[in-house]
Amino acid sequence: MLQTVDCSEIEIVYPLRSPIDNIIAVKPGSEGKNAVLLTAHYDSGWAGPGAADDGAGTAAALEIARMAANFPPFKNDIIFLISDSEENGLIGADAFAQHHPLFSKVKAVINLEARGVTGSSAMFETGEGNRRIIRIFSKTVDRPAANSLFNEMYKRMPNNTDYTVYKNKGVMGLNFAFSKGVALYHSAIDDSDHLDIGSLQHHGDNAWSMIKALGEHDLDHITSQEDAGYIDVFSTRLLHYPSSIVLGLSLVLGIWVLIAIGIAFRKDFRIWQLRWGLLVVPFMLGSIVMGAYLFSYPLGHWPDLHPIEHPYPWVGRLVLFGVVLLSLYTTIKLFSGKVSPCAMMMLGWGLILAAGMVLASKMPTAGHITLVPLALFAIGSVIDIFRKKSPAPLLMASVLGFAGTAFISFYHFFMLDTVLNFDNSQFKIIPLAYMMLTAFPMLLAFSRRHELSWQPVRWSLVGLLLACLVHLSLPGFTPDRPRGMTLMYSEVEGSDTGHLVIESLFTNHDEEYAKDHGFKPVEVDSGWSRLIERPARAVPALNLPGVEVKIHSVRQEEDGWSHDFVLHTTDRLQFLLVIVRSDTGLEKAWVDGQLALDNSLETKSQRRVNSLRLVNPNKSSFEIRLLTDNPDSIDLSLITWHPLPIELVAPFMGDWPDDAQAVVYGPRARKIQKISLDGANE
Ligand SMILES: [Zn+2]
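Just so you know, these numbers come straight off a predicted model, no measurement behind them. (Residues numbered from 1 in each chain as written. Predicted model: local features only at pLDDT ≥ 70, side-chain atom pairs only at ≥ 80, totals over all residues. Heavy atoms only, no water.)

**Student:** Help me understand the overall build of the chain in this model?
**Tutor:** Scanning the chain for helices and strands turns up 17 helices and 24 strands. A compact globule built from 682 residues would reach a C-alpha radius of gyration of about 26 Å, and the chain, at 29 Å, matches this within 12%. Principal axes of the C-alpha set define a box for the chain whose edges measure 90 × 70 × 50 Å. Buried positions account for 55% of the 682 residues belonging to the chain. Within the chain, counting contacts between residues at least 6 apart in sequence, those at least 24 apart form 82% of the total. Carbon and sulfur atoms form 59% of the exposed surface of the chain, whose accessible area is close to 30000 Å². (Helix = DSSP H or I, 4+ residues; strand = E, 2+ residues; numbered from the N terminus. Rg over C-alpha atoms; globule rule 2.2 N^0.38 Å. Buried < 20%, exposed > 50% of the residue type's maximum accessible area, 1.4 Å probe, protein only. Contact = heavy atoms within 4.5 Å. Areas by Shrake-Rupley, 256 points an atom, 1.4 Å probe, with all protein chains shown as cover.)

Below you can see the structure in the form of structure tokens.
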């Protein structure tokens, strides 16, 4: 039942060029007017085998293709695209969208990705007007993991996946990725031993459910007029709502909640009770941020840590929870007698309503942050009305409302786990402030019957400091969560010496290893018109082949000055990077007559591109044309990558730290050539 369509050797690019092989298969539909595209990419980072990114997505897509082949036809075509060269700039996806005739049928995309090796396959990005597809997602997927706030954040991040290509063309879609174990992302051991089989299964379950649902859906109307807000409840179900109801619903629920509080406390509430209350909220927020900032030194600044994820996070997390409890206790101790629980309840829920109003106008798809607690409080208040004897007014409402804020707090606290490590504890802790707002009035009411002393504060501080000692003794890197560190050789043409460099992700290398093996801080030329300090050893230059510039001409054109030249190489190149100095005024560049860079185009990150990358070019000469806005000469850096000679690194491999693995580019020998092309007046 599966047709295969050949789509080999389509070459396209921005701002990069690489030959590609996309693999495409189609399961024809009974109507076949529209198509669902299931896609994953089969290339990976340079350093590793890419079992998670994106072997998992590829495996899931293949398995779904196998199952789909035995299924009766769906209404719509199902297109399977295993794309090439995603990591180099979404080239395979771009080629499919720009050149393949099947693309015009595609009305919905399921993309499978990874940014780590474990965790749930979360749906982190959708298209504009996603109300309908979110409803389908919620109905069909058994274990949904998704939060529309993340979709909003992702829009503002420079990151891209293959889905970016289709989304920019207005195609609706769902983008799935798992993102824990980020230390292994693009690493030498992103292999099948380190891939979480549960994450792979979740990918497959999500995609297969969506393919079956979308395969039968009327895809002409898959894009809605509006977006949905959504959040999963412990991956068991998806709460979702149209963004248009956020303002009205927030107002109705918020006013209901405030009236319920007003009626319940009509006898004790006086407006002047709010005076001190206004200090409580900034005090609580200030104290946890300040406390977390101070603890970020023992938790994150002093230990040697990956910048994003800790292999043993629980002690650090408990310290942050401790800071929250300490702040609550201290606030109660300081303000008890000055503020009343009912005033604090009024204030806390009033703030939640105000936040809801701001969200409704600025980011309605994040409305659940305030809607979930407000709705739970409102439900609780109805239960309270019907309960005959309650030990305290609005008890059920308070408890349910607190549960709502605690759910939102912890959800986002753990979400930040895959973005921030403990060196940013002052930001990590902020989601927890939310539930303090609703916990405080309850604790205040409870504590009125007890005399509080400073003793517990002292002991908790001792406890937290001890916990910090335990945290400091935990390794920040392990063989399964290694640091990104590799050996790389670098030379600049014309110099007799090269350097063996310890290259590391986020400059986070093993300092002890560097010192013991004679790597000293050296200013190494990066080719990007700046020197970078790296641990390195000087070695005799290898005199790598590099490239030669042949036949250069410059002429004036309608839209600028055109420099034409030929780059020639005798080596089988893995990689060639052409860097143009940033003040050159580069407008466009062509490789072998094809547009490869266009600074008039808007990219997601919106910055000017001054470099051209050629990946696995498989050729010995390239015609390059650079268009600049002035007639001056052009300074170029030409960087080529070559295999790293084993005899150069063998002496260092014997006792290579077992918590260090190559990440991103991996071991290589780099040659930098600096060339000046004459301007029009020379
Ligand atoms: Zn990927």
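Now that the structure has been shown, we can carry on.
**Student:** How should I be thinking about the coordination of the zinc ion in this particular structure?
**Tutor:** Between any two of four tetrahedral donors, the ideal angle at the metal is 109.5 degrees; between two of six octahedral donors, it is 90 or 180 degrees. The coordination sphere of the zinc ion, as far as protein atoms go, consists of His41 (NE2), Asp53 (OD), Glu113 (OE) and Glu113 (OE), spread over 2.0 to 2.7 Å. In this structure, the zinc ion is coordinated by four donor atoms arranged in irregular fashion, with angles at the metal of 52 to 137°. Site description for the zinc ion: donor spacing in sequence, H-x11-D-x59-E. Residue His41 is located in strand S4 (residues 35–41), and its partner Glu113 is located in strand S6 (residues 106–114); the two are separated by 72 residues in the primary sequence. This pair shows no difference in class: His41 is buried, exactly as Glu113 is. (Donors = N, O, S within 2.8 Å, 3.2 Å for Na, K, Ca; no water. Tetrahedral: all angles 85-135°; square planar, octahedral: opposite > 155°, others 65-115°.)

**Student:** Explain the sheet that holds strand S18 (residues 586–591) here, please?
**Tutor:** Two orientations exist for strands paired in a sheet by backbone hydrogen bonds: parallel and antiparallel. Taken together, the five strands give an open sheet; going across it, the order is S15-S16-S21-S18-S19, and neighbouring strands pair in antiparallel fashion. Of all the strands in the sheet, just strand S15 (547–557) and strand S19 (594–598) have a single pairing partner and so form its edges. Averaged over all neighbouring strand pairs, the angle between strand axes comes to 20°, with direction disregarded. Here nine bridges tie S15 to strand S16 (residues 560–569), and the two strands are oriented antiparallel to one another. Bridge assignment links Val554 to a residue of S16, and that residue is His563. (Pairing = 2+ DSSP bridges. Axes fitted to C-alpha atoms, helices over the stretch in contact; angles between N-to-C directions.)

**Student:** Mind showing me how you'd approach the pattern of salt bridges here?
**Tutor:** For the structure shown, the criterion picks out 19 salt bridges. Between Lys33 and Asp220 there is a salt bridge, and its shortest N-O distance comes to 2.3 Å. Placement of the pair is Lys33 in the loop between strand S3 (23–27) and S4 and Asp220 in the loop between helix H6 (197–216) and strand S9 (228–233), with a sequence separation of 187 residues. Across the pair Arg581 and Asp635 runs a salt bridge whose closest N-O atoms are separated by 2.9 Å. Within this pair, whereas Arg581 is found in the loop between strand S17 (575–580) and S18, its partner Asp635 is found in strand S22 (residues 634–642), the two being separated by 54 residues in sequence. For Arg581, a relative accessible area of 38% puts it in the partly exposed group. The network of salt bridges with common partners includes Glu128, Glu152, Lys155 and Arg156. (Salt bridge = Lys/Arg side-chain N within 4 Å of Asp/Glu carboxyl O.)

**Student:** How should the pairing of strand S8 (residues 172–178) be read in this particular structure?
**Tutor:** Side-chain positions along a regular strand alternate between the two faces of the sheet. Within S8, seven of the seven residues are buried, which leaves the element mostly enclosed by the surrounding structure. Neither face of S8 is left uncovered, since the one carrying Met172, Leu174, Phe176 and Phe178 and the one carrying Gly173, Asn175 and Ala177 both have all their residues buried. Sheet topology note: the S6/S8 ladder contains seven bridges and is parallel. Across the sheet, the residue bridging to Asn111 is Asn175, located in S8. Bridging between strand S7 (residues 122–126) and S8 involves four bridges; their strand directions are antiparallel. Within S8, the residue paired with Ala122 across the bridge is Ala177.

**Student:** Before we go on, may I ask you to explain the nonpolar core in this structure?
**Tutor:** Nonpolar side chains tend to gather and get buried jointly when the protein is soluble and globular. Counting residues in hydrophobic clusters, the biggest one holds 69 residues, and the most contacted among them are Ile261, Trp349, Phe377, Leu394, Ile429 and Phe440. Look past the residues within four positions of Ile429 in its chain and what remains in contact with it is Ile288, Val289, Ala292, Leu320, Val323 and Val324. Judged by nonpolar contacts, the second largest core, of 37 residues, contains Ile64, Ala65, Ile134 and Ala213. (Core = buried A, V, L, I, M, F, W, Y, C linked by side-chain atoms within 4.5 Å.)

**Student:** Please explain the packing of aromatic side chains as it appears in this structure.
**Tutor:** Working definition: an aromatic ring pair is given by the centre-to-centre distance plus the angle between the planes. By the definition in use, this model includes 25 aromatic pairs. Here Phe234 and Phe407 contribute two aromatic rings whose centre-to-centre distance is 5.5 Å and whose plane-to-plane angle is 65°, an arrangement assigned as edge-to-face. Residue Phe234 is located in the loop between S9 and strand S10 (237–242), and its partner Phe407 is located in helix H12 (residues 395–416); the two are separated by 173 residues in the primary sequence. For Phe234, a relative accessible area of 66% translates into the label exposed. (Phe/Tyr/Trp six-rings, centres within 6.5 Å; stacked < 30°, edge-to-face > 60°.)

**Student:** Help me understand the environment of Leu351 in this model?
**Tutor:** Within the element layout of this structure, Leu351 appears in helix H10 (residues 341–362). Apart from the residues lying within four places of it in its own chain, the contact partners of Leu351 are Val281 and Leu437.

**Student:** Would you explain the side chain of Ser148 in this entry?
**Tutor:** Here Ser148 shows up in helix H4 (residues 148–155). By relative accessible area, Ser148 is classed as buried at 1%. If sequence neighbours within four positions are ignored, Ser148 has contacts with Ala228, Gly229, Tyr230, Thr365 and His368.

**Student:** How do you make sense of a nonpolar patch on the surface when you look at a structure like this?
**Tutor:** Taken together, the side chains of Trp302, Trp459, Val462, Leu466, Leu469 and Leu472 make up a nonpolar region of the molecular surface, amounting to roughly 680 Å² of accessible area. Structurally, the position occupied by Trp302 is in the loop between helix H8 (274–301) and helix H9 (314–335). By relative accessible area, which is 60% here, Trp302 ends up exposed. (Patch = residues over 30% accessible without salt bridge, like charges linked within 9 Å, V, L, I, M, F, W, Y side chains within 5 Å.)

**Student:** How should the environment of Leu278 be read in this particular structure?
**Tutor:** Position of Leu278 among the secondary structure elements: in helix H8. A residue is classified by how much of its surface remains accessible, and Leu278, at 57% relative accessible area, is exposed. Sequence separation of Leu278 and Val339 is 61 residues, and the distance between their C-alpha atoms is 9.6 Å.

**Student:** Looking at this model, I keep getting lost on the packing of H8 against H10. Mind explaining?
**Tutor:** In a pair of packed helices, the angle between the axes and the distance between the axes together describe the arrangement. Running from amino to carboxyl end, H8 crosses H10 at an angle of 50°, the nearest separation of the two axes being 9 Å. The orientation of H8 relative to H10 falls into the category oblique. Where H8 crosses over H10, the two elements pack in a sense that is right-handed. Between H8 and H10, the residues in contact are Leu274, Gly277, Leu278, Val280 and Val281 and Ala343, Met344, Leu347 and Leu351, respectively. In terms of residue class, the contact of H8 with H10 is made up of eight nonpolar, one polar and no charged. (Parallel < 35°, antiparallel > 145°, perpendicular 65-115°, else oblique. Left-handed = near helix turned anticlockwise from the far one by under 90°. Nonpolar A, V, L, I, M, F, W, Y, C, P; charged D, E, K, R; others polar.)

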